[in-house]
Amino acid sequence: MKPYPLQTLLQLREHRTEAARIVVLEKQRALQQCIEACTRVQGELTDLERDRSGHRARLLDPPPSGVPWPAALTQRETHIDLLGERIVGAQQRLSKAQEAVRQAETAVQDARDAFFRAKGRQDALEKRRDLWKREQRGLFERQEEAVNEDLMQARYMARKQ
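None of the values given here were measured: they were computed from a predicted structure. (Residues numbered from 1 in each chain as written. Predicted model: local features only at pLDDT ≥ 70, side-chain atom pairs only at ≥ 80, totals over all residues. Heavy atoms only, no water.)

Next up on the list: the overall build of the chain. Tallying secondary structure elements over the chain gives 2 helices and 0 strands in all. Taking 161 residues into account, the globule formula puts the C-alpha radius of gyration at 15 Å, and the chain, at 37 Å, lies well above it. If one aligns the C-alpha atoms of the chain with their principal axes, the spans along those axes are about 135 × 20 × 15 Å. A total of 161 residues make up the chain; the buried ones form 22% of that total. Considering only residue pairs separated by 6 or more positions, the chain has 81% of its internal contacts joining residues 24 or more positions apart. For the chain, the exposed surface amounts to about 12,000 Å²; the carbon and sulfur share of it is 54%. (Helix = DSSP H or I, 4+ residues; strand = E, 2+ residues; numbered from the N terminus. Rg over C-alpha atoms; globule rule 2.2 N^0.38 Å. Buried < 20%, exposed > 50% of the residue type's maximum accessible area, 1.4 Å probe, protein only. Contact = heavy atoms within 4.5 Å. Areas by Shrake-Rupley, 256 points an atom, 1.4 Å probe, with all protein chains shown as cover.)

We now examine the nonpolar core. Among the nonpolar cores identified, the biggest contains 14 residues, and Leu31, Cys38, Leu45, Leu48, Leu94 and Val101 are the most heavily contacted of them. A total of 8 residues in this core trace back to one element, the largest contributor, which is helix α2 (residues 69-160). Leaving out residues up to four positions away in the same chain, Val101 has contacts with Leu31, Cys34, Ile35 and Cys38. (Core = buried A, V, L, I, M, F, W, Y, C linked by side-chain atoms within 4.5 Å.)

Moving on to the packing of helix α1 (residues 7-57) against α2. For any two helices packed against each other, one specifies the crossing angle of their axes together with the interaxial distance. Look at α1 against α2: their axes get within 7 Å of each other, and the N-to-C directions meet at 165 degrees. In terms of orientation, α1 lies roughly antiparallel with respect to α2. Considering only the axes of α1 and α2, their crossing is left-handed. For the contact of α1 with α2, the residue count by class is 28 nonpolar, 10 polar and 18 charged. (Axes fitted to C-alpha atoms, helices over the stretch in contact; angles between N-to-C directions. Parallel < 35°, antiparallel > 145°, perpendicular 65-115°, else oblique. Left-handed = near helix turned anticlockwise from the far one by under 90°. Nonpolar A, V, L, I, M, F, W, Y, C, P; charged D, E, K, R; others polar.)

Looking at where Glu126 falls in the secondary structure, it is placed in helix α2. One buried charged side chain, Glu126, makes no salt bridge at all; its nearest oppositely charged neighbour is Arg129, positioned 5.0 Å away. Contact partners of Glu126, with chain neighbours within four places excluded, come to Leu10 and Glu14. (Lys, Arg positive; Asp, Glu negative; His and termini not counted. Salt bridge = Lys/Arg side-chain N within 4 Å of Asp/Glu carboxyl O.)

Attention shifts here to the environment of Glu144. Mapping Glu144 onto the fold places it in helix α2. Under the relative-accessibility criterion, Glu144 is labelled partly exposed at 41%. Distance in space between the C-alpha atoms of Glu144 and Gly89 is 81 Å, their sequence separation being 55 residues.

Glancing now at α1. Taking 1.5 Å as the rise per residue, α1 with 51 residues should run 75 Å; its terminal C-alpha atoms sit 75 Å apart, in good agreement. Packing partners of the buried residues in α1 comprise α2. (Expected span 1.5 Å × (residues − 1).)

Here we come to the side chain of Thr17. Here Thr17 is to be found in helix α1. A polar contact is formed between the side chain of Thr17 and the side chain of Gln122, at a distance of 2.8 Å. Those residues within four positions of Thr17 in sequence are excluded, and the remaining contacts are Phe115, Ala118, Lys119 and Gln122. (Polar contact = N/O pair within 3.5 Å; in protein donor to acceptor, adjacent residues only side chain to side chain.)

Now for the packing of aromatic side chains. Scanning all chains against the criterion turns up 1 aromatic pair. Their ring planes at 65 degrees and their centres at 5.3 Å tell us that Phe115 and Phe116 sit as a pair that is edge-to-face. Phe116 gets classed as exposed once you look at its relative accessible area, which sits at 54%. (Phe/Tyr/Trp six-rings, centres within 6.5 Å; stacked < 30°, edge-to-face > 60°.)

What follows is the structure, given as structure tokens:
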């Protein structure tokens, strides 16, 4: 049987499908990294909020011996304010991390769409190849039948003479 005339195109489609699959895997890894970063920032934010609430609860505890009340109170308030600033920074980082997750999810979806388009094109060409092969087989079988019929006719004619 002769080779499929569009075999190089089929190989190109297979290559493109594989490349698209690899891109999907890379985008999924990037998404996972963004999710992990978001989780880390969320954990940091939770720790900071817990630490700040703990310091607020101990704000009016008696200061260590030798430290005046106003100085201890000022130091504690300053530390609580510092934790508040860190919380604001962590919230901003969390917002950026969540935006990165949304962008990564969009990139994964786009990559998946591209993969399925490439796979669809490849499948359509493979379906066409299979149809072509069936047609070629049928044509070959019809040619064999015609040759056999000619042989039978020739044998019949030879016996008749």
